Structure formats: structure tokens, C-alpha cells
Amino acid sequence: LIALAAIATVALADVIYVYTGTITAVPHTTPLAFSTGPNAGPSNTAAEPFINFTGTSTGFTVTIALTNSSAAYFYEAGELTVNTGGTLYVSSVSTSGSGMINTMIIYIAPTSSPSTPACTFTVLSGGSATTTPSLTCPLSAGKYYVSIYVVPITPVTSAESETVTVNFGYNVVGGTVVLPP
């Protein structure tokens, strides 16, 4: 019986080799930087009651006012500075709240040609988050405007609110989509 127990222990044993890797993190200029565009608050006080676009160290936050209209277009609400060329894509979209938005499209266009988007990301369709990533968008170093098109679910009431969280990926090495774990 003791011999059988010794054999079972050997048969069930694992062999582990251990290796050491050293990773050093150093600061680097961010490849993308978002800021307020010419047609949004807080810098444009006339627009501020309707749209507020603020760049953060990790992206941007936007507050929009929706009405019982067929759509709302927040043109040149944000500005995107691309410091390092790469490929932009939407890696995930989620929503929370009362579900007052039917469609949301984010446009990114060069400031030199703001009516010709380089990227068009449909993030909500039919009131639901779209399957992502749906497309990739190569961007060269330079400045771009961020515009947002929204179709509300009417009637819009004062008791409603919805938050849409859009996570972007930006590949500075290749043109492929790599989703985080």
C-alpha cells in the first residue's frame, strides 16, 4: 500500500521551471490626446448648456442635452491630437440608464477637412451597443475634430438619462485590432 501511494504521488507530480523577466515602465508622450473642440463647452459658453466635451488623461467625458427632436448633431465638439500615427478602433461599448438613445455615431475628421470624416464609428444602433470592433481607422499624426450624431428615442422626458461608455483601442505598431483581456 505504501509503494502504491509513492507511485501515485510521482504520477501526479508537476514539474515547474521558473524564469525571471524584468519589465521597466518609463513615461512616454501619449499617442492620443483629447480636448474640447471649438463648438462645445466649457470653452464655448454658448454651447455649454447643450454639450460639454472635456479631455481627460485617459480619454474624454461628454455631457449632451437631448430634446424631442429627430436627431442632434454635435459638430466639432472635441479635438483629437494624434502624436503618433496608428490605427484607432472601438474595442467595446456598454450602456446604462433609461435607454433614451436609439443611434449614436462618432465621427473623427481632420481639422483641415472637417466635413470629410476619416473615421465613422456607429456605437449604438436600434438602442443597443453595436458589435465591436466593426472597423479600423488609420490615423496620421495631426489634429482631428470629434463630432457626435445622436438619434433619441422619443418622447424624451426629464426623468431619463443614459450613459454610453465607448472604449477605444489604438494600435501604434500595426493595423490590427487587439482586444484587451
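Whatever comes next refers back to the structure up there.
Throughout this document, residue positions are counted from 1 along each chain, in the order its sequence is written. pLDDT decides what is reported in this predicted model: residues at 70 or higher carry local features, side-chain atom pairs at 80 or more are listed and counted, and totals for whole chains, interfaces and linings draw on all residues regardless. With hydrogens and water stripped out, all remaining heavy atoms of the structure feed into the side-chain values.

Disulfides are defined in this document as cysteine sulfur pairs within 2.5 Å. Applying the stated rule across the entire model yields one disulfide. Paired by a disulfide, Cys-119 and Cys-137 hold their sulfur atoms 1.8 Å apart. Between Cys-119 and Cys-137, the disulfide has an S-S torsion of -70° and is therefore left-handed. You can see Cys-119 sitting in strand β7 (residues 119-125) and its partner Cys-137 sitting in strand β9 (residues 136-139), a full 18 residues away along the chain. Of the two residues, Cys-119 and Cys-137, neither departs from the other in class, the shared state being buried. Note on conventions: DSSP H or I runs of at least 4 residues are helices, E runs of at least 2 residues are strands, and numbering of each starts at the N terminus. Exposure is judged per residue with a 1.4 Å probe applied to protein chains only, and the accessible area is read against the type maximum: over 50% gives exposed, under 20% gives buried, and values in between give partly exposed.

Right, let's get into the environment of Ile-106. Residue position: Ile-106 is located in strand β6 (residues 101-110). Look at Ile-106 and you get buried, because its relative accessible area is 5%. Contact partners of Ile-106, with chain neighbours within four places excluded, come to Cys-119, Thr-120, Phe-121, Val-123, Val-146, Ser-147, Val-166 and Phe-168. Note on contacts: a residue pair is in contact if any heavy atoms of the two residues lie within 4.5 Å.

Note on aromatic pairs: the rings of Phe, Tyr and Trp (six-membered ring only in Trp) are paired at centre separations within 6.5 Å, and the planes decide the class, stacked below 30 degrees, edge-to-face beyond 60, tilted for the rest. In this structure the tally under the stated criterion is seven aromatic pairs. Centroid distance Phe-53 to Phe-60: 5.0 Å. Interplanar angle 15°. Geometry classified as stacked. Here Phe-53 falls in the buried class, since its relative accessible area comes to 0%. Taken together through their ring pairs, the aromatic side chains of Phe-34, Phe-53, Phe-60, Phe-121 and Phe-168 make up a single cluster.

So, to be careful, I would describe these as geometric facts and stop short of saying anything about function.
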